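Residue-level structural notes
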Amino acid sequence: MPTYIAPTKDMQFLLHEVLKASESSVPGYDELEPDFTGAVLEEAGKLASEVLQPLNVVGDTEGCTFENGVVRTPEGFKAAFDQLREGGWTALDCDPEYGGQGMPYLLGTAVGEMFVSANMAFNMYQGLTHGAYSAIHAHGSDEQKATYLPKMVTCEWTGTMNLTEPHCGTDLGLMRTKAVPQDDGTYKVSGQKIFISAGDHDMAENIIHLVLAKIPGGPDGIKGVSLFIVPKFLVNEDGSLGARNGVSVGKIEEKMGIHGNATCVMNYDEATGYLIGEAHKGMRAMFTMMNEARLGVGLQGYAQSEVAYQNALAYAVDRLQGRDVTGAKNPDGPADPLIVHPDIRRNLMDQKSFTEGARAFTFWGASLIDAAHRSGDKDADGLISLLTPVIKGFQTDKGFEMATNAQQVYGGHGYIEEWGMSQFARDARIAMIYEGANGVQALDLVGRKLAQDGGKHVMGFFEMVKTFCKENAGDAAFDAEFLNPLKAASKDLQAAGMYFMQNGTKNPNHALAGSYDFMHMFGHVCLGYMWARMGLAAKQALAAGASDTEFYETKLTTGRYYMARQLPATAMHLARIQSGADTVMALKAANF
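Read on for an overview of the structure.

Thresholds applied
Residues numbered from 1 in each chain as written. Predicted model: local features only at pLDDT ≥ 70, side-chain atom pairs only at ≥ 80, totals over all residues. Heavy atoms only, no water. Phe/Tyr/Trp six-rings, centres within 6.5 Å; stacked < 30°, edge-to-face > 60°. Helix = DSSP H or I, 4+ residues; strand = E, 2+ residues; numbered from the N terminus. Buried < 20%, exposed > 50% of the residue type's maximum accessible area, 1.4 Å probe, protein only. 1 Å grid on protein atoms, 1.4 Å probe; cavity = no way out; pocket = protein on both sides within 12 Å on 5 of 7 lines; lining within 4 Å. Points joined across faces, edges and corners; volume = space filled by probe spheres on them. Nonpolar A, V, L, I, M, F, W, Y, C, P; charged D, E, K, R; others polar. Contact = heavy atoms within 4.5 Å. Pairing = 2+ DSSP bridges. Salt bridge = Lys/Arg side-chain N within 4 Å of Asp/Glu carboxyl O. Core = buried A, V, L, I, M, F, W, Y, C linked by side-chain atoms within 4.5 Å.

Tallied over the full model, the rule gives 22 aromatic pairs. Geometrically, the ring pair formed by Phe-478 and Phe-482 is stacked, given 5.1 Å between the ring centres and 20 degrees between the ring planes. Here Phe-482 and Phe-478 lie together in helix α14 (residues 476-503), a separation of four residues that amounts to about one turn. Accessibility expressed as a relative area gives 1% for Phe-482, which makes it buried. For the pair Tyr-499 and Phe-500, a centre-to-centre distance of 6.3 Å together with 65 degrees between the ring planes defines the contact as edge-to-face. Assigned by exposure class, Tyr-499 and Phe-500 land together as buried.

This next bit is on empty space enclosed by the protein. The probe, sized like a water molecule, is rolled over the atoms to show the empty space still left. Within this structure, the stated rule accounts for two cavities of 30 Å³ or more. Taken as a whole, the largest cavity encloses approximately 60 Å³ of empty space. Lining the largest cavity we find Met-1, Pro-2, Gln-53, Pro-54, Asn-56, Val-57, Gly-420, Gln-423 and Phe-424. For the lining of the largest cavity, the elements supplying multiple residues, two or more each, are α3 (54-62) and α11 (421-429). A class-by-class count of the residues in the lining of the largest cavity yields five nonpolar, four polar and no charged. In this structure, the second largest cavity encloses a volume near 40 Å³. Every residue lining the second largest cavity is listed: Thr-90, Cys-94, Gln-126, Thr-129, His-130, Tyr-133, Met-152, Val-153 and Cys-155.

Moving on, we come to the side chain of Asn-162. Here Asn-162 is to be found in strand β3 (residues 157-162). In contact with Asn-162, not counting residues within four places along its chain, are Lys-193, Ile-196, His-209, Leu-210, Val-211, Leu-212, Met-266, Tyr-268 and Met-286.

Examined bridge by bridge, strand β8 (residues 233-235) and strand β9 (residues 241-244) share two bridges and lie antiparallel to one another. By the bridge assignment, Phe-233 is partnered in β9 with Arg-244.

What follows concerns the pattern of salt bridges. A full pass over the atoms with the stated rule returns 29 salt bridges. We note a salt bridge from Lys-9 to Asp-548, for which the minimum N-O separation is 1.9 Å. Placement of the pair is Lys-9 in helix α1 (residues 8-18) and Asp-548 in the loop between α16 (515-543) and α17 (549-566), with a sequence separation of 539 residues. For Asp-548, a relative accessible area of 24% gives the class partly exposed. Residues Lys-555 and Asp-10 are paired through a salt bridge, measuring 2.2 Å at the closest nitrogen-oxygen approach. Of the two residues, Lys-555 sits in helix α17 while Asp-10 sits in helix α1, which places them 545 residues apart along the sequence. The pair Lys-555 / Asp-10 is uniform in exposure class, with both members buried. Through salt bridges with shared partners, one network takes in Asp-10, Glu-113, Glu-306, Lys-352, Glu-356, Arg-359 and Lys-555.

On to the nonpolar core. Core analysis: the biggest nonpolar cluster contains 182 residues, and Phe-115, Leu-210, Trp-364, Phe-461, Phe-518 and Phe-522 have the highest contact counts within it. If we skip the residues at most four places from it in the chain, Trp-364 touches Leu-19, Leu-383, Leu-387, Phe-461, Met-464, Tyr-529, Met-530 and Arg-533.

Within this model, the second largest pocket holds a volume of roughly 580 Å³. Listing elements by their share of the lining of the second largest pocket, those giving two or more residues are α1, α9 (342-375), α10 (378-409), α13 (456-471) and α16. A per-class count over the lining of the second largest pocket returns 15 nonpolar, five polar and six charged.

Here it is, written out as structure tokens:
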């Protein structure tokens, strides 16, 4: 059976030596001292390893059941969810006004990674709730906040987001769910939503659905969409639960992975709903939840890579197969361990260098969110808006790739369920699809985010990389191994952007056909930037006489690998982009 050990040391390195969190001027960051974050991460790691991880295979094999209108989660899930609640983990970064602990989103991100690596399907119940909490917190009325948020912070009540319908996914303007206004200010919501993660279950007293619907007579398309709170049970004025609302589960989906999460078809039959924010402005409110969810899904990508890598590494060290071509490394045994072979090393280094780079990228993104929300930093807000589709799209594509790479280390055993590697690959696969399929993320990046605020944020990113390289140049080895590859990759990314500017206006397909390559190119540059920052921190620690030289030398060695073996992919993506759309669009639809 697979195991999981939380990478707390690597997280501490990022928090305190790369991001230097406690030195930041962002409100609340002064509390993030190493002793404090270390204690929080240690306790979260224990919960992840000892409670959540053993339930991962249980959730996968048992799945959720739906019988007589009741959805039940796998054995052990409810007790673990109670333990999560009682420990205050669901309230870690929520508003103290509603019972939260008020910690920065950055710390919540670190803890969230552990829970996702340990049991992705389980963590989705609280993850969706946090997103719904954020949407109500940002756009709800004072009365709505007071009614719903305290119970959602504790996860006594959980939350969902309801967007997709059988005939419309990405194109939400086609939705048919309607909300008819009533004399008392409520709405009657009717329609069907599909693919609703954590749509129903037995672990909470109430479930607060956030539902997109159209008010009759409103504008056509996406401009006519509004957002509603539709609770499973109506809430009385004194906060107690009232009558069952007109919402029910049609079925739970049979899925490739995340079997421990109840993915439901939800039927709304004149259910009582409460408008959030303004009528016909629902997408603005829902995007508060969706953007947070997209960052969370990007985290899921590398979190599955992390746990898969840990187990693949253990197998490669233990499994004896063949002899090292340069001479036996285990002469007293019948064969050498797998890890002596160069191709196994390449595979493991791909996984390790991606996962550590993606963790740094995601933590940096979380710190930008904190700067935007806690300090009102508009530049940070614009930059994380630009980077969100990269975090989601690139990291989930690569995270799935690394999960299957880890599976490959096992050979035939990786294909056998008892070893657990299949589950990591199957669970990771959904992250490329939900919260906006990765092709849509690429279109959002190129079609909307690059030009946002006149291109200010992408130009700011390039300037940030340029300044970092300039300020830290002068060490010949560091320049050659880290800064020069980063500068070359950044120039490739700028060249791709210039191609879009010169050709996309004449024929938009030239930009859109290259959008997926651009998203991956941008991802590589971001991880290259992160590896340069980590490499610098490791170099400085060694120069200062750090006692754990092996940790910092390992960090530098892993960074050198990424810069030499992965970052050059930007040149390939640039060549594809500059080939234009002609070869992509040449074949007639009838000839596919």
